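Geometric and topological summary
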Amino acid sequence: MRLTNSTSLSTGRLNAMILPHMQGWKCDRLIVRVRWSRGAEFSGTCNYTRRVITVNLGRHNRYPYVMDTQTARPRSNRTHWWRPSCHIVLADAYQLALFVFLHELYHWLIRQARRNTRQKEGRCDRFAARVLVNEYGCPMLDAKGRPVPRAEWDFQDLYSFIEGARRKRTSARRPRLAATAPEPRHPVDIGGQGLLFPIH
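Residues numbered from 1 in each chain as written. Predicted model: local features only at pLDDT ≥ 70, side-chain atom pairs only at ≥ 80, totals over all residues. Heavy atoms only, no water.

Quick notes on the pairing of strand β2 (residues 31-36)
Note the following rule: Strands qualify as paired when DSSP identifies two bridges or more between them. A run of H or I in DSSP becomes a helix once it reaches four residues, and a run of E becomes a strand once it reaches two; helices and strands are each numbered from the N terminus. By convention, a crossover is right-handed whenever its connection, traced from the first strand over the helix to the second and viewed with the strands pointing away, goes clockwise.
The pairing of strand β1 (residues 2-5) with β2 spans 4 bridges and is classified as parallel. Bridge pairing in β2 links Leu3 to Val32. Viewed along the sheet, the connection from β1 through helix α1 (residues 11-18) into β2 turns out left-handed. As judged from the 6 bridges shared by β2 and strand β4 (residues 52-57), these two strands associate in the parallel manner. Counted as the bridge partner of Arg35 is Asn56 from β4.

Okay, here's the thing in structure tokens:
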């Protein structure tokens, strides 16, 4: 992975937050770009052909940043379906950058696993949200600012879905043993020295 950063955020800190989540996956030669947005508060893209994930951050965002997500379990009635509001609270620009990166990384892993990449925004948000909630304690809130039960937004086996994107483990090859004759019942005596195996 190669990280380029044109923002005022620490490149070293970004790298330390991003890199662990790429280990074990097919991310060879992937380029990650973190830069200032031209106007939006945040955005991200994943270019499969160029192997580039781009994270755009707004210069003037205020933190903690309340981000609307598509993590909530969909609901429906006879006429339509909807997704309840579910927001994650991000403490600073580093957490926002990590969320956007993880969202785009899941898009990348879906492609590497040869899955259909369409309509996967909810999965991508859940993948990112798990990390921010588990590792950074970011709260998930509903429209009224109340905590959302975990089961309402974390309900899919995201890792099995992208199992095909895992990097295959390469085990050290054991040296091949040369074919030998069966061990004799008694040592073979050559020159007064007892040997356990015959010499060919």
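Some details on the state of the cysteines
Counted only if it meets this: Put simply, a disulfide is two cysteine sulfurs that come within 2.5 Å.
With the rule as written, the count across this model stands at 0 disulfides. Here Cys124 is not disulfide-linked; the sulfur of Cys46 is the nearest cysteine sulfur, at 8.9 Å.

Observations concerning the sheet that holds β4
Counted only if it meets this: Every angle, taken between N-to-C directions, lies between 0 and 180 degrees, and every axis is a line fitted to C-alpha atoms, over only the stretch in contact when it is a helix. The contact criterion used is simple: two residues touch if any of their non-hydrogen atoms lie within 4.5 Å.
With respect to topology, 4 strands assemble into an open sheet ordered β1-β2-β4-β3, the strand pairing being mixed. Strand pairing shows two members of the sheet lacking a second neighbour, β1 and β3 (42-47), which therefore form its edges. Sheet twist, expressed as the average angle between the axes of neighbouring strands with direction ignored, equals 10 degrees. Across the sheet, α1 touches β1 and β2, and the angle it forms with β1 is around 140 degrees.

Observations regarding the packing of aromatic side chains
Short version of the rule: Each Phe, Tyr or Trp ring, with Trp reduced to its six-membered ring, pairs with another whose centre is within 6.5 Å; inter-plane angles below 30 degrees give stacked pairs, above 60 give edge-to-face pairs, and intermediate values give tilted ones. Burial status follows relative accessibility: with a 1.4 Å probe on protein chains alone, a residue under 20% of its type maximum counts as buried, one over 50% as exposed, and anything between as partly exposed.
One pass over the full model with this rule turns up 6 aromatic pairs. Ring geometry for Tyr106 and Phe127: centres 4.8 Å apart, planes at 35 degrees, overall tilted. In this pair, Tyr106 sits in helix α2 (residues 93-112) while Phe127 sits in helix α3 (residues 121-136), placing the two residues 21 residues apart along the sequence. Overall, Phe127 belongs to the buried group, its relative accessible area being 4%. Through pairs of rings, three or more aromatic residues link up here, namely Trp25, Tyr106, Phe127 and Tyr159.

What about the pairing of β3?
Every other side chain in a regular strand lies on the same face of the sheet, so the side chains alternate between the two faces. Summarising the sheet, β3 and β4 pair through 6 bridges and their orientation is antiparallel. Note on β4: the bridge partner recorded for Gly44 is Val55.

Things to note about the sheet that holds strand β5 (residues 65-68)
One open sheet holds the 3 strands; their spatial order is β5-β8-β9, and the pairing between them is antiparallel. Each end of this open sheet is capped by a strand with a single partner; those strands are β5 and β9 (140-141). By the bridge criterion, 4 bridges tie β5 to strand β8 (residues 87-90) in an arrangement that is antiparallel. Each residue of the ladder has a partner; that of Val66, found in β8, is Val89. In the packing of α2 onto the sheet, contacts are made with β5 and β8, and the angle to β8 comes to roughly 135 degrees. Strand contacts of α3: β8 and β9, with the helix running at about 50 degrees to β8, the strand carrying the most contacts.

Section: the nonpolar core
Here is the rule: Buried Ala, Val, Leu, Ile, Met, Phe, Trp, Tyr and Cys residues form a nonpolar core when they are joined through side-chain atoms within 4.5 Å.
In this structure, Ile88, Phe101, Leu102, Leu105, Leu109 and Leu132 are the most contacted members of the largest nonpolar core, which totals 51 residues. Taken together, the elements giving at least two residues each to this core come down to α1, β2, β4, β5, β8, α2, α3 and α5 (158-161). Looking at this core, the element that brings in the most residues is α2, giving 14 residues.

Remarks on the pattern of salt bridges
Oppositely charged side chains are able to pair whenever their charged atoms sit close together. Inclusion rule: Salt bridge, as applied in this entry: a Lys or Arg side-chain nitrogen positioned within 4 Å of an Asp or Glu carboxyl oxygen.
Scanning the model with the defined rule gives 7 salt bridges in all. The shortest N-O distance in the salt bridge between Arg13 and Asp92 comes to 3.6 Å. Of this pair, Arg13 sits in helix α1 while Asp92 sits in the loop between β8 and α2; the two residues are 79 residues apart in sequence, bridging distant segments of the chain. In this structure Arg13 comes out as partly exposed when scored by relative accessible area, which is 41%.

Things to note about the packing of α2 against α3
To keep things clear, this is the line we draw: An angle below 35 degrees is treated as roughly parallel, one above 145 as roughly antiparallel, one from 65 to 115 as roughly perpendicular, and anything else as oblique. Working rule for handedness: look at the near helix, and if it is turned counterclockwise from the far one by less than a right angle, call the crossing left-handed; if clockwise, right-handed. Gly counts as polar in this scheme, as do all residues outside two lists: the nonpolar Ala, Val, Leu, Ile, Met, Phe, Trp, Tyr, Cys and Pro, and the charged Asp, Glu, Lys and Arg.
Close contact between α2 and α3 brings their axes to 8 Å; oriented N to C, the two are set at 135 degrees. Classified by the angle between their axes, α2 and α3 sit oblique to one another. α2 and α3 meet at a crossing whose hand is right-handed. Contacts between α2 and α3 involve Gln95, Leu98, Phe99, Leu102, His103, Leu105, Tyr106, His107, Leu109 and Ile110 from the former and Glu121, Arg123, Cys124, Asp125, Phe127, Ala128, Ala129, Val131, Leu132 and Tyr136 from the latter. The class makeup of the residues in the contact of α2 with α3 is 14 nonpolar, 3 polar and 3 charged.

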